[in-house]
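Structural description and commentary
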Amino acid sequence: MSCSSTTDVSRRDFLCALTGCAAAVAASGCSDPTHTPFFRDHLREMSPAEIARMLKELEARYSAAAGQAVEVAMDGPRPGVEFAYALDISRCVGCRRCVHACVEENNQGREPEIQWIRVLEMEKEKGVDFAHANAYYDPAQVPEAGHFYVPVACQHCRDAPCVKTCPVGATWQEPDGIVVIDYDWCIGCRCCMSACPYGARHFNWAEPELPAEELNPKTHYLGNRPREQGVVEKCTFCIQRVRRGLYPACVEVCPVGARKFGDLNDPESEIRYVLEHKRVFVLKSELATLPRFYYFFGV
């Protein structure tokens, strides 16, 4: 777990630390990497007191910037819980309410608007066909005749390519199955974006613009807290909600009940019912990423 985002380290310091070579340090003018705040605070486990202090510092900084009280929680995974998602493509009408609810809940930048969910319009005659999918459909009314819709976001893969390719360990999978990103640890190399076969990760090319009045003040350190320029972000299953027993925002807002979410280890959960009684598939199964995001035909 990393320390506060107030930690200041240059990419030059980071690269020097990777070389571990005194000659490189001297030649390039880098500071001694073992004495930078980055290496003092990141490469060790933080104590509960240190975590509490870090969260308090973040809350003070975000609250001052927003002009309102901002909470930064760090609720951990509940023992024995493994989250999973299912989406009924026979019900989805392509209204994109999930997209906008996600933006509002997770404090994505507004100018330009970063969207963690993409809804793809596909032709019924062609079936699930990414080569001819249309993410920019704009009919007068949805659903459009002859089409169906496949929303795509982070699949929270069990064998996640993004996790394996990150050179600094800034992204990992939590015990409850949620793949997270530590924004303070991310160096913006975008290796994870290249590795993700679902196009689910997004890079902040500019400082995200989020009006203070639109900020959701209930945030999580590994989820929807404010991000900065130069880091990657993505869907976290609304970690700030699900670890408190709530549904993700996209599940709550869906007007047709196409989205299901729950604990795979709970035999009475809705997600287990879907997996045991419906025609279920995952996207790009040939890649063996083993997603925790399932698609099914409810009718």
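This text follows the structure it describes.
Throughout what follows, the structure given in this document is the object of discussion. Everything numeric here is computed off the predicted structure, so don't read it as measured data.

Cut-offs and rules
- Residues numbered from 1 in each chain as written.
- Predicted model: local features only at pLDDT ≥ 70, side-chain atom pairs only at ≥ 80, totals over all residues.
- Heavy atoms only, no water.
- Helix = DSSP H or I, 4+ residues; strand = E, 2+ residues; numbered from the N terminus.
- Buried < 20%, exposed > 50% of the residue type's maximum accessible area, 1.4 Å probe, protein only.
- Areas by Shrake-Rupley, 256 points an atom, 1.4 Å probe, with all protein chains shown as cover.
- Core = buried A, V, L, I, M, F, W, Y, C linked by side-chain atoms within 4.5 Å.
- Contact = heavy atoms within 4.5 Å.
- Pairing = 2+ DSSP bridges.
- Axes fitted to C-alpha atoms, helices over the stretch in contact; angles between N-to-C directions.
- Salt bridge = Lys/Arg side-chain N within 4 Å of Asp/Glu carboxyl O.
- Patch = residues over 30% accessible without salt bridge, like charges linked within 9 Å, V, L, I, M, F, W, Y side chains within 5 Å.
- Lys, Arg positive; Asp, Glu negative; His and termini not counted.
- Charge placed at Lys NZ, Arg CZ, Asp CG, Glu CD.

For the rest of this paragraph, the subject is the overall build of the protein chain. For the protein chain, the helix and strand inventory stands at 10 helices and 12 strands. Taken over 299 residues, the protein chain has a buried fraction of 48%. Put simply, the protein chain shows about 14400 Å² of open surface, and 53% of that area lies on carbon and sulfur atoms.

Ranked by size, the top nonpolar core spans 66 residues in total, and within it Ile117, Phe237 and Tyr295 carry the most contacts. Looking at this core, the element that brings in the most residues is helix α4 (residues 48–66), giving six residues. Contact partners of Phe237, with chain neighbours within four places excluded, come to Phe83, Tyr85, His156, Ile178, Val242, Pro248, Phe261, Arg292 and Phe293. Among the nonpolar cores identified, the runner-up in size contains seven residues, and Ala84, Ala86, Ile271 and Val274 belong to it.

This paragraph deals with the sheet that holds strand β2 (residues 83–88). Read from one edge to the other, the open sheet built from four strands follows the order β10-β2-β12-β11, with strand pairing classed as mixed. The open sheet has two edge strands with one neighbour each: β10 (259–263) and β11 (279–281). Strand-to-strand, the axes of this sheet are offset by a mean angle of 30 degrees, without reference to chain direction. Taken together, the three bridges between β11 and strand β12 (residues 293–297) define a ladder with antiparallel strand orientation.

When you line up the elements, Leu264 lands in the loop between β10 and α10 (270–277). A sequence separation of 11 residues divides Leu264 from Leu275, and the C-alpha atoms of the two residues are 9.2 Å apart. Each residue touching Leu264, except ones within four places of it in the same chain, is listed here: Glu82, Ala84, Arg158, Ile271, Arg272, Leu275 and Tyr294.

What follows concerns the pairing of β12. Burial within β12 is extensive, with four of its five residues counted as buried. Across four bridges, β2 lies against β12 in parallel orientation. Paired with Ala86 across the bridge in β12 is Tyr294.

Note the cis peptide between Glu111 and Pro112, where omega equals 0 degrees. Inspection of the secondary structure assignment puts Pro112 in the loop between α5 (97–106) and β3 (118–123). Cis geometry marks the peptide bond from Val142 to Pro143, where omega comes out at -5 degrees. Tracing the backbone shows Pro143 in the loop between β3 and β4 (147–152). Its identity as a non-glycine residue notwithstanding, Phe237 has a phi of 60 degrees, on the positive side. Mapping Phe237 onto the fold places it in the loop between β9 (232–233) and α8 (239–242). Of note in the backbone geometry, Leu290 takes a positive phi value of approximately 55 degrees without being a glycine. Structurally, Leu290 is set in the loop between β11 and β12. According to the relative accessible area criterion, Leu290 is partly exposed, its value standing at 49%.

Among the six residues of β2, six are classified as buried, and the element is accordingly described as predominantly covered. Residues Phe83, Tyr85 and Leu87 of β2 are buried on one face, and the alternating residues Ala84, Ala86 and Asp88, pointing to the opposite face, are buried as well. In this sheet, β10 lies alongside β2 in antiparallel orientation, the contact comprising five bridges. Bridging from a neighbouring strand, Ala84 pairs with Gly262 of β10.

It is worth spelling out the pattern of salt bridges at this point. In total, this model carries 18 salt bridges according to the counting rule given. Across the pair Arg110 and Glu214 runs a salt bridge, and its minimum N-O distance is 2.9 Å. On the criterion of sequence distance, the pair formed by Arg110 in the loop between α5 and β3 and Glu214 in the loop between β7 (202–203) and β8 (218–220) is long-range, its members being 104 residues apart. Taking relative accessible area as the criterion, Arg110 reaches 13% and is therefore assigned buried. Here Arg243 ties to Glu174 by a salt bridge, and the two come within 2.9 Å at their closest N and O atoms. Of this pair, Arg243 sits in the loop between α8 and α9 (249–253) while Glu174 sits in the loop between β5 (171–173) and β6 (179–181), and the two are 69 residues apart along the sequence. Each member of the pair, Arg243 together with Glu174, is buried. Members of the salt-bridge network, linked through shared partners, are Glu71, Asp75, Lys218 and Arg244.

On the surface, a cluster of negative charge is made up of Glu104, Glu111, Glu113, Glu207 and Glu209. With respect to the helices and strands, the residue Glu209 is situated in the loop between β7 and β8. Judged by relative accessible area, which is 46%, Glu209 ranks as partly exposed.

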